[in-house]
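# Structural features, examined
If you want the building blocks of each chain, they are given just below.
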Amino acid sequence: WNTVPHYVDLAFKGDRIKKVDFSRVKTITTGGDFLLEEVKRRADEIIKMGNGTVRVGEGYGTSEVIGCFSFQSNKSYVEGSCGKPLVGNQMMILNPEYLEKVNSGESGELYIWSPTMMSGYLNNEEKNNEVFYQDASGQTWLKTGDLAHENEYGELVPDGRIRRIVMTLDEN
């Protein structure tokens, strides 16, 4: 089950979800925003009550890379992590002020590259210049606007957002 944290929060409230048999669920990953630890703990407890063995894991993705960039597997669970980038995906974390790579464990702005990454915004060079970054070797990276660090296992750990996008279900 791939979803967003808000839907996990909604799904695991109330009593109806406590009647669900989770024994056949293989994985539950979230992305698109940060999963609050209290929501994760509540969901994990309910899943266990429903004979499930999976944990709710976090993932990271963007529309610009057609969804999932990394996710945390149930086999290698590390609290707070969004897992390792999927095969072929790359990440680097730069100091937002100096555009230099940070040391492992240090927070900075997340830049990602994926073979599924979009090539750019059509007829919008200004937006392309804002979102894409070309390194010294000529590789183009997507500037995510998210703060993160890499843990000792090479996994992506979100630390916050430089910019905040609010999704709504209205005409705006």
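Note that this is a predicted model, so its numbers are computed, not measured.

### A look at helix α2 (residues 37–49)
- Between its first and last C-alpha atoms α2 spans 18 Å; for 13 residues at 1.5 Å apiece the expected length is 18 Å, and the two agree.
- By the burial criterion, the buried members of α2 are Val39, Lys40, Ala43, Asp44, Ile46 and Ile47. In a view along the axis of α2, the buried residues occupy a sector of 165°, so they form one face of it. Pointing more than 90 degrees away from the buried face of α2 are the exposed residues Glu38, Glu45, Lys48 and Met49.
- After α2 finishes, the residue Asn51 shows a positive phi value of roughly 65°.

### Description of the environment of Asp159
- Within the fold, Asp159 resides in strand β10 (residues 156–161).
- Distance from Asp159 to Gly31, taken between C-alpha atoms, is 14 Å for residues 128 residues apart in sequence.
- Not counting the four nearest positions on each side in its chain, Asp159 is found in contact with Ser107, Leu147, Ala148 and His149.
- There is a polar contact of 2.9 Å between the side chain of Asp159 and the side chain of Ser107.
- Looking at Asp159, its side chain comes within polar contact range of the side chain of His149, at 3.0 Å.

### Comments concerning the nonpolar core
- In this structure, Tyr60, Leu110, Ile112, Leu142 and Leu156 are the most contacted members of the largest nonpolar core, which totals 15 residues.
- Elements with a minimum of two residues in this core: β6 (90–94), β7 (108–113) and β9 (140–150).
- With sequence-adjacent residues up to four places away left out, Leu156 is seen in contact with Tyr60, Ser70, Ser81, Cys82, Gly83, Met91, Leu110, Ala148 and His149.

### As for the sheet that holds strand β3 (residues 56–62)
- The mixed open sheet is built from five strands, whose spatial order is β1-β2-β3-β4-β5. Among the strands making up the open sheet, the edge pair consists of β1 (2–3) and β5 (84–85).
- The pairing of β3 with strand β4 (residues 67–71) spans four bridges and is classified as antiparallel. For Gly59, the partnering residue across the bridge sits in β4 and is Phe71.

### Topic: a nonpolar patch on the surface
- Residues Val4, Tyr7 and Leu10 make up a contiguous nonpolar surface patch of roughly 260 Å² in combined accessible area.
- Structurally, the position occupied by Leu10 is in helix α1 (residues 5–11).
- On the basis of relative accessible area, Leu10 is assigned to the partly exposed category, the value being 47%.

### What to know about the side chain of Lys40
- Assignment of secondary structure puts Lys40 in helix α2.
- For Lys40, a relative accessible area of 3% translates into the label buried.
- There is a polar contact of 2.5 Å between the side chain of Lys40 and the backbone oxygen of Val56.
- Excluding its chain neighbours within four sequence positions, the residues that come into contact with Lys40 are Leu35, Arg55, Val56 and Tyr77.

Conventions and cut-offs
Residues numbered from 1 in each chain as written. Predicted model: local features only at pLDDT ≥ 70, side-chain atom pairs only at ≥ 80, totals over all residues. Heavy atoms only, no water. Helix = DSSP H or I, 4+ residues; strand = E, 2+ residues; numbered from the N terminus. Expected span 1.5 Å × (residues − 1). Buried < 20%, exposed > 50% of the residue type's maximum accessible area, 1.4 Å probe, protein only. Arc of directions from axis to C-beta. Contact = heavy atoms within 4.5 Å. Polar contact = N/O pair within 3.5 Å; in protein donor to acceptor, adjacent residues only side chain to side chain. Core = buried A, V, L, I, M, F, W, Y, C linked by side-chain atoms within 4.5 Å. Pairing = 2+ DSSP bridges. Patch = residues over 30% accessible without salt bridge, like charges linked within 9 Å, V, L, I, M, F, W, Y side chains within 5 Å. Areas by Shrake-Rupley, 256 points an atom, 1.4 Å probe, with all protein chains shown as cover. Salt bridge = Lys/Arg side-chain N within 4 Å of Asp/Glu carboxyl O.

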